[in-house]
Amino acid sequence: MKYLPMLISVLGSGDTTHIASDTPLPAPLQRDSVHCELRPIPGAVFPATQADRRRCEQAYFEEGMAAAEAGAHAIYINTVGDYGLLSLQEALDIPIGGAGSGSFHKALSDAPD
């Protein structure tokens, strides 16, 4: 049986919602044992208003569901806003993480008591 590496779908590039063929994978995700794919977020906008934020939440949720349906073993939301994180965690039975919550967890674990 051929071993297939874990597939992590990275939602967004962190810098833009448009992902070109030469958009680099974030350095921490460049590992031999894991295959990561950058997925663009159609319909996402900068969340300047509450309506924009809801639009982002829905766009990230829809792309996360599509990633899971396409075979992702895990999803990483590559934006500090973690758009769609809770909805995806409730809807899917795979690990879902986000840049924002991950950063805060790390900072809190390093903080003195």
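Preceding this section is the structure that the text describes.
The paragraphs below set out a description of the structure included in this document. In this text the structure is predicted, and so the values were computed from the model without any measurement. Throughout this document, residue positions are counted from 1 along each chain, in the order its sequence is written. Per-residue local features are limited, in this predicted model, to residues with pLDDT of at least 70; the limit for side-chain atom pairs, both in listing and counting, is 80 or more; totals at the level of whole chains, interfaces and linings are taken over all residues. Remark: hydrogens and water are excluded; side-chain values derive from all non-hydrogen atoms of the structure.

### Brief notes about the nonpolar core
Turning to step 1, where the next piece is worked out: In this structure, Leu 11, Tyr 60, Ile 75, Ile 77 and Ile 96 are the most contacted members of the largest nonpolar core, which totals 15 residues.
Turning to step 2, where the next piece is worked out: Only DSSP runs of H or I covering at least 4 residues are called helices, and only runs of E covering at least 2 are called strands; the numbering of each starts at the N terminus. Going through the elements one at a time, helix H1 (50-69), strand S3 (74-77) and helix H2 (85-91) are the ones with two or more residues in this core.
Turning to step 3, where the next piece is worked out: It is H1 that provides the largest number of residues to this core, a total of 4 residues.
Turning to step 4, where the next piece is worked out: Throughout, a residue-residue contact means that at least one pair of heavy atoms, one from each residue, lies within 4.5 Å. Beyond its immediate stretch of four places on either side in the chain, Tyr 60 contacts Leu 11, Gly 12, Ile 41, Ala 44, Ile 77, Thr 79, Tyr 83, Gly 84 and Leu 88.
Turning to step 5, where the next piece is worked out: The nonpolar core is taken to be a set of buried Ala, Val, Leu, Ile, Met, Phe, Trp, Tyr and Cys residues, with the residues joined through side-chain atoms within 4.5 Å. Relative accessible area decides the class of each residue, using a 1.4 Å probe on protein chains only: under 20% of the type maximum gives buried, over 50% gives exposed, and in between gives partly exposed. Core analysis: the next-biggest nonpolar cluster, separate from the first, contains 7 residues, Val 10, Leu 29, Val 34 and Ala 74 among them.

### Notes on the pattern of salt bridges
Turning to step 1, where the next piece is worked out: Any Lys or Arg side-chain nitrogen located within 4 Å of an Asp or Glu carboxyl oxygen qualifies as a salt bridge. Applying the stated criterion to the full structure yields 4 salt bridges.
Turning to step 2, where the next piece is worked out: With a shortest N-O distance of 2.7 Å, Arg 39 and Glu 63 are connected by a salt bridge. One end of the pair, Arg 39, is in strand S2 (residues 34-39); the other, Glu 63, is in helix H1, with 24 residues separating them in the sequence. For the pair shown, Arg 39 and Glu 63 are each scored as buried.
Turning to step 3, where the next piece is worked out: The salt bridge partner of Asp 110 is Lys 106, with a shortest N-O separation of 3.2 Å. Highlighted residues: Asp 110 and Lys 106, both in helix H3 (residues 99-110), separated by 4 residues, approximately one helical turn.
Turning to step 4, where the next piece is worked out: Here the residues in one salt-bridge network are Glu 37, Arg 39 and Glu 63, joined through shared partners.

### Here's the deal with the pairing of S3
Turning to step 1, where the next piece is worked out: Two strands are counted as paired when DSSP detects at least two bridges linking them. The pairing of strand S1 (residues 6-11) with S3 spans 4 bridges and is classified as parallel. Within S3, the residue paired with Ile 8 across the bridge is Ala 74.
Turning to step 2, where the next piece is worked out: For S3 and strand S4 (residues 96-98), the ladder comprises 3 bridges, and the chain directions are parallel. By the bridge assignment for S4, Tyr 76 is matched with Gly 97.
Turning to step 3, where the next piece is worked out: Traced from S3 through H2 to S4, the parallel crossover comes out right-handed. A right-handed crossover is one whose linking path, passing over the helix from the first strand to the second, runs clockwise when the strands point away from the viewer.

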